[in-house]
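Overview (structure and organization)
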Amino acid sequence: MPVGQWFTDDSGRWWFDSGSFALDFAYTGGIPVAVAVAPARLNSPDDLTAWMRDRFPMPVAPARSRDLFDATSLRDAIARLALAAGRGETPATADIDIVNLYAATPDIPPTLDGGSRQAGRSVQTVGQALSTIARDAVDCFGESNHGRVRICAGDCGIVYLDTSRAASRRWCSMQRCGNRAKVRAHRARKSGKVALSAA
Ligand SMILES: [Zn+2]
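The structure contained in this document is the topic of the report that follows. Each residue is numbered by its place in its chain's sequence as written, counting from 1. Selection of residues for local features in this predicted model requires a pLDDT of at least 70, selection of side-chain atom pairs for listing and counting requires 80 or more, and totals for whole chains, interfaces and linings are taken over all residues. Note: side-chain values were computed over all heavy atoms of the structure, leaving out hydrogens and water.

1. A closer look at the packing of aromatic side chains
Pairs were defined over the aromatic rings of Phe, Tyr and Trp, the Trp ring being its six-membered one, requiring ring centres within 6.5 Å. Orientation was assigned from the angle between planes: stacked under 30 degrees, edge-to-face over 60, tilted for the rest. The full count for this structure, using the stated rule, is 9 aromatic pairs. Geometrically, the ring pair formed by Phe 16 and Tyr 27 is edge-to-face, given 5.3 Å between the ring centres and 80 degrees between the ring planes. With Phe 16 in strand S2 (residues 12-16) and Tyr 27 in the loop between helix H1 (21-26) and helix H2 (45-55), this residue pair connects regions lying 11 residues apart in the sequence. There is no split in this pair, since Phe 16 and Tyr 27 are both buried. Every member of this aromatic cluster is reached through a ring pair, and the members are Phe 7, Trp 14, Phe 16 and Tyr 27. Across from the ring centre of Tyr 160, 4.2 Å away, lies the NZ or CZ of Arg 169, which sits over that ring. Per the convention used, a helix needs a DSSP run of H or I reaching at least four residues, while a strand needs a run of E reaching at least two, with both numbered from the N terminus. Partly exposed describes any residue whose relative accessible area lies between the buried limit of under 20% and the exposed limit of over 50%, with all areas from a 1.4 Å probe on protein chains only and scaled to the type maximum. Placement of a positive charge over a ring is assigned whenever Lys NZ or Arg CZ falls within 6 Å of the ring centre and within 35 degrees of the normal to the ring plane.

Right under this line is the structure:
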């Protein structure tokens, strides 16, 4: 599943790689970042249909209101787990139960190209799509990623999964909070030098 999306804030449009498909989904309103930053919201079944069409490479059936209820409850559970992990807090068992519940249902099966049945003809259900998201969340919050779900070291509150080999990612985006910190450090060094030479 392709990961990452465009966010917009007062400094313009910037690419945010959350590191996880499940986290991308949580940014449809579950994780409280500045309203201007998070692009997509799930206010109606049509919003959910649009998100699924946009993000899944295979066709997913249109969402109904029941699907929207399921999607937002899964999304909010993923968001709470992400924040707890980012803060180093113990996750709520109720949220783990929600993720496990959706992960236990059939997901979108992987397929090999080149078969006799035309690719892309079968339409996946929203339930299968949610299961795929939930299984990704199991991976994101699983033991192998322990300590890798983090909150940006800037002051933006954005949560990501650090997929770097050295587990050294500190920022939502190097171009955004990373750059701001670099500029601040540079100014601090400069003013330190000025103070030193004035003394
Ligand atoms: Zn940041």
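After that view of the structure, there is still more to cover.
2. Brief notes about the coordination of the zinc ion
Distances from the zinc ion to its protein donors, namely Cys 152 (SG), Cys 156 (SG), Cys 172 (SG) and Cys 177 (SG), fall within the range 2.3 to 2.4 Å. For Na, K and Ca the donor cutoff is 3.2 Å, while for all other metals N, O and S atoms must lie within 2.8 Å; water is not among the atoms, so some sites may look incomplete. Key to geometry: four donors with every angle between 85 and 135 degrees are tetrahedral; four donors are square planar and six octahedral where opposite donors lie over 155 degrees apart and all remaining angles lie between 65 and 115; all other sites are irregular. Taken together, the 4 donor atoms coordinating the zinc ion and their angles of 102 to 114 degrees define a geometry best described as tetrahedral. In the primary sequence, the donor residues of the zinc ion line up as C-x3-C-x15-C-x4-C. One end of the pair, Cys 152, is in the loop between strand S3 (149-151) and strand S4 (159-161); the other, Cys 177, is in helix H6 (residues 174-198), with 25 residues separating them in the sequence. For the residue pair Cys 152 and Cys 177, the accessibility class agrees, reading buried in each case.

3. Regarding the pairing of strand S1 (residues 5-9)
Residues of S1 alternate between two faces, with Gln 5, Phe 7 and Asp 9 buried on one and Trp 6 and Thr 8 left unburied on the opposite face. The sheet contact formed by S1 and S2 spans 5 bridges and is antiparallel. When the bridges of S2 are listed, Trp 6 appears paired with Trp 15. Should DSSP find at least two bridges between two strands, the strands are taken to pair. Counted along the chain from S1 to the antiparallel partner S2, the turn is 2 residues long.

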